[in-house]
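# Survey of secondary and tertiary structure
Residues per chain, in single letters:
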Amino acid sequence: MTQLELQKVSKFFGGLAAISRLDLQVQQGEIIGLIGPNGAGKTTTFNVITGELRPNEGEVIFEGQDITGLRPHQVATLGIVRTYQLVTLFPGYTALKNVLVGLHLGARIGFAEAILNSRSHQRKELHLYRQAQEILNFFNLQAVADEPAENLPHGLQRKLGVAIALAARPKMLLLDEPLTGMNPNEVLEMIATIRRIRDRNGITVVVVEHNMRAVMALCERIVVINFGVRIAEGAPQDIQANKQVVEAYLGSDSHAA
Amino acid sequence: MTRVRPDPDRQGKFLGEMKAQQKSRLYFLGLFVLLGLVPLVLRSEYYLHVLIAMFYHVIYATTYRFILRTGQFHFGAHAFVGIGAYASVLLVMRAGWSFWLAMPAAGLIAAFFAVLIGYPTLRLKGIYFAIITWGFGDTLRFIYMRFKEPFGGPLGIFAIPGPNPITIPGLITIDFSQKTHFYFLALALMIVTLYILHRMEQSRFGLIFGAIREGDRLARAVGINIMNYKVLAFAVCSGLGAMAGSFYAHYTYYISPLDFSVLLTIYLAIYTVVGGQERYAGVIVGTVVLMLAGEVFAGYSHYQLLMYSGFLIVILLFLPGGLISLPGLLTRVGSRAEEKEGEKFRNDPA
Amino acid sequence: MEITELIQITVNAISIGAIYALLALGLTLLFGIMDILFFAHGAMYMLGAYAAYYLCTKLGLNYFVALPIGVILIGLIGVVMEKGLFRPIRNDHVAIIFLAIGLNWFLESTGFVVFGLRPKPVASVFTGQAHFFGATISWERAVVVLIGLLAVLALYFFLMKTRWGLGMRAFAEDPLTAELQGISNDTVCSLGFLIGCGLAALAGLLVAPIFILTPTMGSHAVLISLLVIGLGGLGSIPGALISAFIIGIIESFGTSYLGADITWGMIFIFVIIFLIIRPTGIMGVVRE
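Residues numbered from 1 in each chain as written. Chains lettered and ligands numbered in written order. Predicted model: local features only at pLDDT ≥ 70, side-chain atom pairs only at ≥ 80, totals over all residues. Heavy atoms only, no water.

What follows concerns the overall build of chain B. Check the secondary structure of chain B and you find 15 helices and two strands. Out of the 350 residues belonging to chain B, those deemed buried represent 55%. Counted over contacts in chain B with a minimum sequence separation of 6, partners at least 24 positions apart contribute 77%. Surface accessibility of chain B: about 15700 Å² in total, with carbon and sulfur atoms responsible for 66%. (Helix = DSSP H or I, 4+ residues; strand = E, 2+ residues; numbered from the N terminus. Buried < 20%, exposed > 50% of the residue type's maximum accessible area, 1.4 Å probe, protein only. Contact = heavy atoms within 4.5 Å. Areas by Shrake-Rupley, 256 points an atom, 1.4 Å probe, with all protein chains shown as cover.)

Okay, structure coming up:
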């Protein structure tokens, strides 16, 4: 079943098309890779889906609903949550608090009960706390739960970024370069974690990533875009054999080897 | 989600923290009792008056600081205090309401105005917000001055009745004929306000306000409606400030447009920065210290403002954390070495 | 309404607008280049007006000798403030705003202590009136318009044609690039304060013979210039000029037909409603 669909979406920056009449379908429960040379429009695509940018034309349909032009928090409420290319966390908060913030959409705590600190409110807080713990455990971050996020090593920060996104109970995760700056061991662990997220919770995952080996290992389907246009689509082995794709990469100055 | 057994130690710690939070109620009650004993010892009307003024200024300043902490450069605290004062006085004197109804109603009216102003303007950079709130305050002042009916014009409103008497049959009658009665009312208002602000900061709402400050983009991406949170803080704090304004009107029996000029907001900004805005206690310290110091110049308002603003400049340059950071600063000098050790673990994301 | 009356009101509008434009120019310049909302602008304006009082009335200097002396003196005070107070906390925007607030009211209350409470007069330099198309304008107001116009032109020339002006505009875009162009950020900031405070002082010196001087004139002027640059769009110089004249026109027509106090209330309400509907002002870009 098609869960997310982009229909002829274009986004211009001062006359230059970052993406141009882009069509994209994402199936429920798949892990799909979005690749392309630098400046191909991958992050712009994410920004358009999550409502951080409003497309100049075209529609974004999520689960049959037109979500074009919704604001980011509304898109998140519908179930699309993203991570960022540069590590984005709440730096001064501990890892645990970061995840607690991520749990926002499931929190349902009213203003009056929070002020009065009633028993039912305390039960809710405890419940949230347990959920946060579970998520930290899932990412093997329990040891650093009380560590401020800004003090964590880069690899753990990336993991925490995904943990925050997962806490928001998404139906679909958009991961922007989740493996950048990780060592090979961390990359393997993250690939396994992303697969587990999909397998256990049925969450669709869209990945933008430059590490080709990892993309080939992780994704079931890959869409290649260049200059904001889709140039190829298919299973990893088809993409590797695709002449156009090879040309796009060779023709551009990219570190994707 | 996988069921992983939570670490029992850690959960114990969390439960302990929650217990401690529950206990905080007792601390506030204790503070109330402690300050409630003061009139037994202190018989001087003058000192009681200083304390009463301090109490409602603490309300103004702590609510003002909460709005600042949501990242908005608020420059119109005087507008909302004024709305509270005028609304409650008019409800009592014109509509014949009881003070006990008019005061919360005044708070609601101010909160309503805060929502009205807040939605279109809070999404903008702080400076625009500063201009609009200052302009709003001065527009209101103009309206009070211009329309003698019902606002009393430049001379203001005289002979405002005090709060209606409360009688607990057979036990006590509080008729606000004595300073101590006002003292307890101001104290109760302050403690309730402080408790509400404390809970706002300690609860999930504080967590979200902090998250918005730490990273608004990410906050939005996990589904937080930043506008709603900012408007909520703005409305609640403005409403609480307005209730203190209502108290002020019925305590002093007289209000005029001059009481609600931008100088009030300037004073609050100074209390906040001098005390230290990082922590909630800082503002209280700032308000208490400066108001006590200001008593020296009581009646010479230019010297008072001179001292306050001079204080502000010195603190900004030499003690950016405010007075509240002073004890921590002194103890930290010894442990500089440890801090350096900690730096090593810091990872540069670039 | 007769045509001469209309011309008269327009002439008044221009003379009021010129003062507001001068006031707003320095404030919007500092905001546009350094992203500083310099509240103490009002105090510098007040000091400028008192400089006119002390230099002309007390020392008996010629007004046109006092003018450059006052401007340079107060511009230099600005530079000293930048070096001594603002530079150490340049990167902390919240602290900078509070510092500027502190300075404004510090100088204002100092003004009360030093200059006293009694309003001070400065003798008119020009007497008599100019006539054109049936409208009259007092010479001293005409001089304000003229010098204001010259100041705008000079500022424009400075920003567009000189190396320093280029450096300042580059700094507004990106401080690092500006540094690469060979103009240090420190120089740009000092220069910004020199010009910003100089312009405030110029406004003060020019209005000294027209207005009555009290130490609170600064805070009032800051609010007006905030309304002007808010309406015009923060940081935009053309926006500030346009909105100064819009407010000048409203004030001039309002005072003629409705009375002064209600006009100012209307201006407040107009600007606030305008900003609530379009919070970026006439020329501003949205900065979220």
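Once that is clear, we can look at the packing of aromatic side chains. Residue and element names in this part refer to chain C. Per the counting criterion, the structure on display carries 48 aromatic pairs over all chains. Ring centres of F270 and F274 lie 6.1 Å apart, and the angle between their planes is 45 degrees; this geometry places the pair in the tilted category. A residue pair is termed a helical-turn pair when its members lie 3 or 4 positions apart in one helix, as F270 and F274 do in helix α11 (residues 260–277) at four residues. Taking relative accessible area as the criterion, F274 reaches 25% and is therefore assigned partly exposed. (Phe/Tyr/Trp six-rings, centres within 6.5 Å; stacked < 30°, edge-to-face > 60°.)

Listed per partner, the contact involves 56 residues of chain A and 44 residues of chain B. In total, about 4500 Å² of surface goes out of reach between chain A and chain B, with carbon and sulfur atoms giving 60% of it. Taken together, the connections running from chain A to chain B amount to one salt bridge. Of the charged contacts, one joins B:R217 and A:E52 as a salt bridge, the two residues approaching to 3.0 Å between their closest N and O atoms. Put simply, the parts of the chain that give the side of chain A that touches chain B at least two residues each are α2 (72–78), β6 (80–82), α3 (95–102), α4 (104–107), α5 (111–116), α6 (119–138), α7 (154–167) and α8 (184–201) of chain A. The leading source of residues in the side of chain A that touches chain B is α6(A), at 13 residues. Classifying every residue of the side of chain A that touches chain B gives 29 nonpolar, 17 polar and ten charged. (Buried area = accessible area lost by both parts, 1.4 Å probe. Salt bridge = Lys/Arg side-chain N within 4 Å of Asp/Glu carboxyl O. Nonpolar A, V, L, I, M, F, W, Y, C, P; charged D, E, K, R; others polar.)

Moving on, we get to the pattern of salt bridges. All names here are of chain A. Under the defined criterion, the tally for this structure stands at 18 salt bridges over all chains. Note that R82 is salt-bridged to D176, the shortest N-O span being 3.6 Å. Here D176 lies in strand β7 (residues 172–176) and R82 lies in strand β6, a separation of 94 residues in the sequence. On the accessibility criterion, R82 (3% relative accessible area) is buried. Residue E220 pairs with R198 through a salt bridge whose shortest N-O separation is 2.6 Å. Here E220 is found in the loop between α9 (212–218) and β9 (221–226), whereas its partner R198 is found in helix α8, with 22 residues between them in sequence. Classification of E220 by relative accessible area gives partly exposed; the value is 34%. One connected set of salt bridges, linked through shared partners, spans E30, R221, R230 and E233.

This part covers the interface of chain B and chain C. At the junction of the two partners, chain B supplies 36 residues and chain C supplies 41 residues. A buried area of about 3800 Å², summed over both sides, lies between chain B and chain C, and 81% of it is on carbon and sulfur atoms. On the chain B side of the interface with chain C, the three residues burying the most area are B:Y128, B:I131 and B:W134, jointly 17% of the side's total. For the pair chain B and chain C, the interface holds zero salt bridges. Where chain B meets chain C, there are two residue pairs in polar contact (both at pLDDT 80 or more). Taken together, the elements giving at least two residues each to the side of chain B that touches chain C come down to α4 (99–121), α5 (126–146), α11 (262–275) and α13 (301–318) of chain B. The element best represented in the side of chain B that touches chain C is α5(B), accounting for eleven residues. (Polar contact = N/O pair within 3.5 Å; in protein donor to acceptor, adjacent residues only side chain to side chain.)

Residues C:G165, C:G167, C:M168, C:A170 and C:F171 constitute the buried set of helix α6 (residues 163–173) of chain C. Tucked into the core, α6(C) has its buried residues touching α1 (3–34), α5 (139–161), α7 (175–180) and α8 (185–207) of chain C.

So, to be careful, I would describe these as geometric facts and stop short of saying anything about function.
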